[in-house]
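So you can see what is in the structure, the chains are spelled out below.
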Amino acid sequence: MSEQTPTGQPGEPGSTDPRSAGIRIRRADQADLDQIFAIEVDVFASDAWSRDLMHHELVDKNCHYVVAVTDAPETIVGYGGVLAPRGSGDADIQTIATIPAARRRGVGRVIMNELLVAAREARAQRVFLEVRADNPIAMGLYRSLGFAEIGVREGYYQPDNVDAVIMRLDIGGQQ
Ligand SMILES: CC(C)(COP(=O)(O)OP(=O)(O)OC[C@H]1O[C@@H](n2cnc3c(N)ncnc32)[C@H](O)[C@@H]1OP(=O)(O)O)[C@@H](O)C(=O)NCCC(=O)NCCS
């Protein structure tokens, strides 16, 4: 993957978004674990993954993780990952987060676009994700990218007892 400047519009990888000047996207690896895990704990609190699980994700050959970074010194301001086993036809957005100070600058959208590119490269036909029903911001991002709600898992998020909304994007015609 080439490094990419964040995009401003859905489905337009490569275009620039002036709100995110100075932030670039690159492939993540296990050297990024400390910074990613610090953001994970801060952003997701009771829903945060364990450090071991995050490490597993970063080294899983079926996963593609990216980070959004600022330079001098390089600092991670967002990350996201997709599980896209080649040949399965399905991909799952595993996680996405940006730090509060970097939000609403198009960074989340470019991370998602980058994950969708990776899913297409793995020949996925469908991309799935789960989102808390009380997270309208993330759902707005996903809807704007074309994801549609296909189901609900009641009480999936514990201990908060919040439903998970399952969303799907068909990308089979966009290879
Ligand atoms: C969801 C999240 C990744 C979005 O990141 P971001 O960098 O702010 O996203 P962007 O600036 O690219 O915004 C993308 C879209 O998200 C929606 N959005 C973002 N912030 C919003 C807000 N404060 N109010 C309403 N919609 C919002 C909008 O649809 C926006 O598109 P627009 O700017 O064209 O209107 C970020 O808010 C976050 O990390 N949240 C906490 C973790 C989380 O909920 N992750 C998702 C788990 S399923």
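See above for the structure.
Anyway, here's the lowdown on the structure attached to this text. Keep in mind the model is a prediction, meaning the values are calculated, not measured.

Turning our attention to the pairing of strand E2 (residues 63-70). Counting buried positions over the eight residues of E2 gives six, a clear majority of the element. Where strand E1 (residues 24-27) lies against E2, four bridges are found, and the strand directions are antiparallel. Looking at the pairing, Arg 26 lines up with Val 67 of E2. Alignment of E2 against strand E3 (residues 75-83), held across eight bridges, turns out to be antiparallel. Bridge pairing in E3 links Val 69 to Ile 76. Between E2 and E3, which pair antiparallel and follow one another directly, the connecting turn spans four residues, one of which, Ala 72, has a positive phi of 55 degrees.

Next up on the list: unusual backbone geometry. The step from Ala 72 to Pro 73 runs through a cis peptide bond, and the omega angle for that step is -10 degrees. Of the consecutive residues Gln 158 and Pro 159, the connecting peptide bond is found in the cis state with omega at 10 degrees. Residue placement: Pro 159 occurs in the loop between strand E6 (148-157) and strand E7 (162-170). The backbone of Arg 104 shows a phi angle near 60 degrees, a positive value even though the residue is not glycine. Mapping Arg 104 onto the fold places it in the loop between strand E4 (90-98) and helix H3 (107-121). According to the C-beta neighbour criterion, Arg 104 is exposed, with 11 such atoms within 10 Å. Within the chain, Asn 161 stands out as a residue other than glycine whose phi angle is a positive 55 degrees.

Scoring rules and cut-offs
- Residues numbered from 1 in each chain as written.
- Predicted model: local features only at pLDDT ≥ 70, side-chain atom pairs only at ≥ 80, totals over all residues.
- Buried ≥ 20, exposed ≤ 12 C-beta atoms within 10 Å, placed from the backbone.
- Helix = DSSP H or I, 4+ residues; strand = E, 2+ residues; numbered from the N terminus.
- Pairing = 2+ DSSP bridges.

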